[in-house]
Every structure is written in C-alpha cells, then in structure tokens.
Amino acid sequence: ALFAADQVQLHVTQGALHAIARRAKQSATGARGLRSIVEAVLLDSMFELPGWRTAGVHHAVLTAATVEQGASLDLWPLAARRKVEADAAKSEVGGSTDEEAAVSAVGGL
C-alpha cells in the first residue's frame with residue numbers, strides 16, 4: 001500500500017519469493033516470519049520511495065539479490081533508475097541489479 005500511495009508498482013521476481021521462503025525456513029519462523037522478512041528487506045526502500053516518484057520511477061522490482069545480498073531494488077523506467085543511482089552514488093550509497101529478472105518482472109519495459 002505504501003508503494004501504491006506513491007504511485008510506484010512493486011514487483012517481486014520468482015527468485016525473490018524463493019529467497020524469502022528460504023530465509024523463513026532457515027529461521028524457522030514459518031508463515032508469520034514472512035511478513036517481517038519482507039518488511040526488513042524493504043525498510044530502506046520505504047524511506048527512499050518519495051524521491052523515486054519525483055525522479056520518474058514507475059516500477060520497483062524486488063529480486064533475489066535484494067533479499068540475499070541487500071542489493072537495491074531495480075527501478076524502472078531505466079532513465080529514472082539511472083537518475084536515482086547517480087544520486088545514490090553522490091551520497092556514496094550503491095547497489096547491484098538483476099536486470100534480466102527486472103525486465104521480466106515488469107513485462108519487458
């Protein structure tokens with residue numbers, strides 16, 4: 001709902017779903033732990049979200065790299081993602097992306 005309020009669609013790749021499930025299984029939290037895992041993974045993004053919309057981001061893609069390695073969400077359209085990444089680089093904050101999964105998740109944007 002938070003992403004929708006800022007008019008940014010959140011997409012989740014199959015790899016991200018599997019990584020979340022693996023993390024829940026490893027911590028033996030079961031279904032109740034899924035919510036807390038997703039909230040923890042998205043926490044930083046929730047604070048960055050208002051700036052994304054003003055940068056022209058329409059889609060944010062949660063990938064396995066985001067869940068497993070703490071990589072940033074993939075942002076689309078590409079021009080907006082590059083602006084956000086450039087701004088992040090200025091702040092000495094960066095992240096990796098999984099472009100193939102992201103393109104698939106947002107239908108080839």
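Before reading on, note that the structure itself is shown above.
Numbering of residues begins from 1 in every chain and follows the order in which that chain's sequence is written. Given that the model is predicted, a residue must reach a pLDDT of at least 70 before its local features are reported, and side-chain atom pairs must reach 80 or more before they are shown or counted; all residues, however, enter totals for whole chains, interfaces and linings. With hydrogens and water excluded, all non-hydrogen atoms of the structure serve as input to the side-chain values.

> Tell me about the overall build of the protein, residues and numbers included.
Think of it this way: any DSSP run of H or I at least four residues long counts as a helix, any run of E at least two long counts as a strand, and we number them from the N terminus. On a plain count of helices and strands, the protein comes out with six helices and three strands. Written out in order from the N terminus, the α and β elements of the protein read α-β-α-α-β-α-β-α-α. Under the scheme applied here, a residue whose accessible area is under 20% of the maximum for its type counts as buried, over 50% as exposed, and between as partly exposed, the area being computed with a 1.4 Å probe on protein chains only. The buried share of the protein, taken over its 109 residues, is 34%. Residue pairs at least 24 apart in sequence account for 60% of intrachain contacts in the protein once pairs closer than 6 positions are excluded. In what follows, a contact means two residues having at least one pair of non-hydrogen atoms within 4.5 Å.

> Any details on unusual backbone geometry? Residues and values, ideally.
Cis rather than trans, the peptide bond between Trp76 and Pro77 has omega equal to 5°. Its identity is not glycine, yet Gln7 carries a phi of approximately 55°, on the positive side. For Ala28, which is not glycine, the phi torsion reads 55° and is therefore positive. Tracing the sequence through the fold places Ala28 in the loop between helix 2 (14–26) and helix 3 (30–55).

All quantities given are derived from atomic positions and should not be read as evidence of function.
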